Amino acid sequence: MVTTIEIEDTITVGALAERLMIPVTKLITELMKNGVMATVNESIDFDTAQIITQELGLDIELKEGAREAVALHREKPKASAKAAPRPPVVAVMGHVDHGKTSLLDAIRGSSVAAKEAGGITQHISAYQVEHNGRPITFLDTPGHEAFAAIREHGAQLTDIVILVVAADDGVKPQTIEAIRYAKNAGVKIIVAITKIDKEGADPNRIKQQLSEQNILVEEWGGETVVQPVSAKTKEGIDQLLDMLLLVADVEDLKADIDVPARGLIIEAHVEVGRGPVATALIEAGILKPGQFVVAGATYAKVRNLETPDGKPLSQAGPSTPVTITGFKALPEFGDEFEAVENEREARNLSEVAAGDRQTTSSRGISSNELIKLINRSHDLSQLNVIVKADVQGSLASVLDSFKALDTEEVAVKVVSSGIGPITDNDLRLSKTTGARIYGFNVIAPSVIRQQAVRDRIELHLYSVIYELIDDVKAELEKLLLPQVVETDIGTLVVRGIFNTTKSSVICGGEVIKGKLSLPSLARVKRDKELLMEVELTNLKRGPTDVKEINSGEMCGLSLSTPSRLDLMIGDRLEVFTRVVQQRHL
Ligand code: GDP
């Protein structure tokens, strides 16, 4: 029978197996046969899914409109013939501690690095610098892998990625990850080899390592520009900016300006006295104070239009990062915004978007799928959590990082999430759901903390995201069923039987393989037949109690047996240890 199921443009292997109602292992095997190595949480695209499902005798269809919607979101806006040149948008990526923040500081001439908790940039922000009289827009993208989510968006917003590689450390996992993001997003890469002032700095080794990742530098006949720099001595910084502008010129970056302003929300938070404050990057058009803009499910009459460091702007064009006040509610990180004619249009459009958001989460579960879901929740252990964060961007990162932790067996269930301090409401919700409360860069007033202690509520506050994720991961691991590990240690042949009771045997024998030690268990075998599993309770070399007997030695041993064991000379004991281990994700 051919079933037709509609899916989105991409789908995780786990979700697809669920939709097709086949075991996920079967799907993974089929994928492997076709050369696709994907784990349960990884996404495959529609075309791959279709090929695989057809081989399984099933059929899927692309959900109407799915591809167009996705394509719209991913592709950079195309400029018309009338388009004007625009500044490049640049993101700095690379392994943690390789000097991203220091490099941005050196470029900006300020010092942000020292202020950041744990030395890690916590959320995306953006600013412009001028070099040779031309503006360059920098997205201050966070460095730690927990921010993969934001960074992925970051790469899609950008024209050029400065890939930071420390001269004294070389290409590392997050370097490779950054290369992958940049390549997937079709973004130009410029390599900055940082910390060249340090002893042991070896730019050539880095170039070699980069070539292993298919990044071939210009001087070796490739296309990638490489600039050695030091944030400490400022050596190479000017040249790096020269290179950026050069690459930007080659890319011929343009955008329309005579269209309604549009762009992307890259950060949003609430400020006392100012209400929702959103940082946005303009992609096309000119935005002015007083205009109406729609962003996702909310809208604003732009009250203040400012640079991210607070300078008022009378207008802002493509590639300009701006902060906007006047939103009715917090827009979300990654929301597209667009200027519209008037308030009525703004309200209508945002209401439609709000409606869409609701229906996508509650729509279309068939009774079969529901039964599957219910069954699944039985064998899946969930960790209930409540998450509060300071800004949308970091909340999105935390939630995305949680998703990455999910497996077939255990998953993080977000009972509630939001922006702002821990409140009484969070405590109440925690009491009814047993959820652990996690705060990221937010406070919990002391009355709340005291109440949490009294009610034995797990309330944890963090200012470094990976510490939060590590804690959640450790809690999830506790939910995994422990693993029983058996290790064979030796074999003994029975040479004599001295005493047998209902629950014990004292015998003697020769160790013919490995060694015997205590504590241990043994499978008693006669030829191929398994007679019983017993426990070794005592080992003797001659009259002396010992802990170990080696191969080739004779020994005496006491066995504890679950029932009477009529041992015979020539029977074998295959001795093994059995331990229960906590598993890890
Ligand atoms: P990030 O995690 O990639 O943002 O790295 P940071 O900018 O926080 O830098 C990590 C460490 O490397 C800090 O201790 C910096 O002082 C140091 N560092 C960064 N750039 C340089 C450099 O050019 N020269 C030297 N000597 N140290 C640097």
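Everything below is about the structure printed above this text.
For clarity, every value in this text was computed on a predicted model and none was experimentally measured. (Residues numbered from 1 in each chain as written. Predicted model: local features only at pLDDT ≥ 70, side-chain atom pairs only at ≥ 80, totals over all residues. Heavy atoms only, no water.)

## Side note on the sheet that holds strand 14 (residues 275-284)
- The 7 strands are arranged 16-15-19-13-14-18-17 in an open sheet whose pairing can be described as antiparallel. The open sheet has two free edges, formed respectively by strand 16 (298-301) and strand 17 (305-306), since each of these has just one partner strand.
- Pairing of strand 13 (residues 262-271) with strand 19 (residues 336-340), which is carried by 3 bridges, proceeds in the antiparallel orientation. Within the sheet, the bridge partner assigned to Arg262 lies in strand 19 and is Glu338. (Pairing = 2+ DSSP bridges. Helix = DSSP H or I, 4+ residues; strand = E, 2+ residues; numbered from the N terminus.)

## Focus on the site of the ligand
- The immediate surroundings of the ligand are formed by 14 residues, with Asp97, Lys100, Thr101, Ser102 and Asp197 found nearest.
- Asp97 is positioned with one of its backbone polar atoms (N or O) 2.7 Å from an oxygen atom of the ligand.
- For the ligand, the protein covers 75% of the area, taking 580 Å² as the surface of the free molecule.
- Class assignment for the residues of the shell around the ligand results in 2 nonpolar, 6 polar and 6 charged. (Near = heavy atom within 4 Å. Polar contact = N/O pair within 3.5 Å; in protein donor to acceptor, adjacent residues only side chain to side chain. Areas by Shrake-Rupley, 256 points an atom, 1.4 Å probe, with all protein chains shown as cover. Nonpolar A, V, L, I, M, F, W, Y, C, P; charged D, E, K, R; others polar.)

## Observations regarding a negative patch on the surface
- Taken together, the side chains of Glu336, Glu338, Glu341 and Glu345 make up a negatively charged region of the molecular surface.
- Within the secondary structure layout, Glu338 lies in strand 19. (Patch = residues over 30% accessible without salt bridge, like charges linked within 9 Å, V, L, I, M, F, W, Y side chains within 5 Å. Salt bridge = Lys/Arg side-chain N within 4 Å of Asp/Glu carboxyl O. Lys, Arg positive; Asp, Glu negative; His and termini not counted. Charge placed at Lys NZ, Arg CZ, Asp CG, Glu CD.)

## So, the pattern of salt bridges
- A complete count under the given rule lists 27 salt bridges for this structure.
- With a shortest N-O distance of 3.4 Å, Asp455 and Lys431 are connected by a salt bridge. Of this pair, Asp455 sits in the loop between helix 14 (446-454) and strand 23 (459-462) while Lys431 sits in helix 13 (residues 424-433), and the two are 24 residues apart along the sequence.
- Residue classification places Lys431 among the exposed residues on the basis of a relative accessible area of 56%.
- Ionic pairing is found between Arg436 and Asp471, a salt bridge with its closest N-O pair at 3.7 Å. Linking Arg436 in strand 22 (residues 436-440) with Asp471 in helix 15 (residues 465-479), this pair joins segments that are 35 residues apart in sequence. In this pair, the class of Arg436 matches that of Asp471, namely buried. (Buried < 20%, exposed > 50% of the residue type's maximum accessible area, 1.4 Å probe, protein only.)

## With respect to the state of the cysteines
- Applying the stated criterion across every chain yields a total of 0 disulfides.
- Note on Cys507: no disulfide assigned, nearest cysteine sulfur contributed by Cys555 at a separation of 7.9 Å.
- Of the residues examined, Cys555 reaches a relative accessible area of 7% and is grouped as buried. (Disulfide = S-S within 2.5 Å.)

## Section: the packing of helix 12 (residues 392-405) against helix 15
- In the contact formed by helix 12 and helix 15, the axes pass within 11 Å of each other and the chain directions differ by 35°. Our pair here, helix 12 against helix 15, has a crossing hand that is right-handed. Facing Ser397, Val398, Ser401, Phe402 and Leu405 of helix 12, the residues of helix 15 in contact are Ile465, Leu468, Ile469, Val472, Lys473 and Leu476.
- Residues belonging to the contact of helix 12 with helix 15 are distributed by class as follows: 8 nonpolar, 2 polar and 1 charged. (Axes fitted to C-alpha atoms, helices over the stretch in contact; angles between N-to-C directions. Left-handed = near helix turned anticlockwise from the far one by under 90°. Contact = heavy atoms within 4.5 Å.)

## Details of a positive patch on the surface
- Judged by side-chain charge, Arg303, Lys328, Arg344 and Arg347 come together as a positively charged surface patch.
- Structurally, the position occupied by Lys328 is in the loop between strand 18 (321-325) and strand 19.
- The exposed category is assigned to Lys328, whose relative accessible area is 54%.

## Structural notes on the sheet that holds strand 23
- Strand order in the open sheet formed by 4 strands is 21-20-22-23, and the pairing between neighbours is parallel. Of all the strands in the sheet, just strand 21 (410-419) and strand 23 have a single pairing partner and so form its edges. Averaged over all pairs of adjacent strands, the angle between their axes in this sheet comes to 25°, without regard to strand direction.
- Here strand 20 (residues 381-389) pairs with strand 22 via 5 bridges, running parallel.

Purely geometric stuff here, so don't read any function into it on its own.
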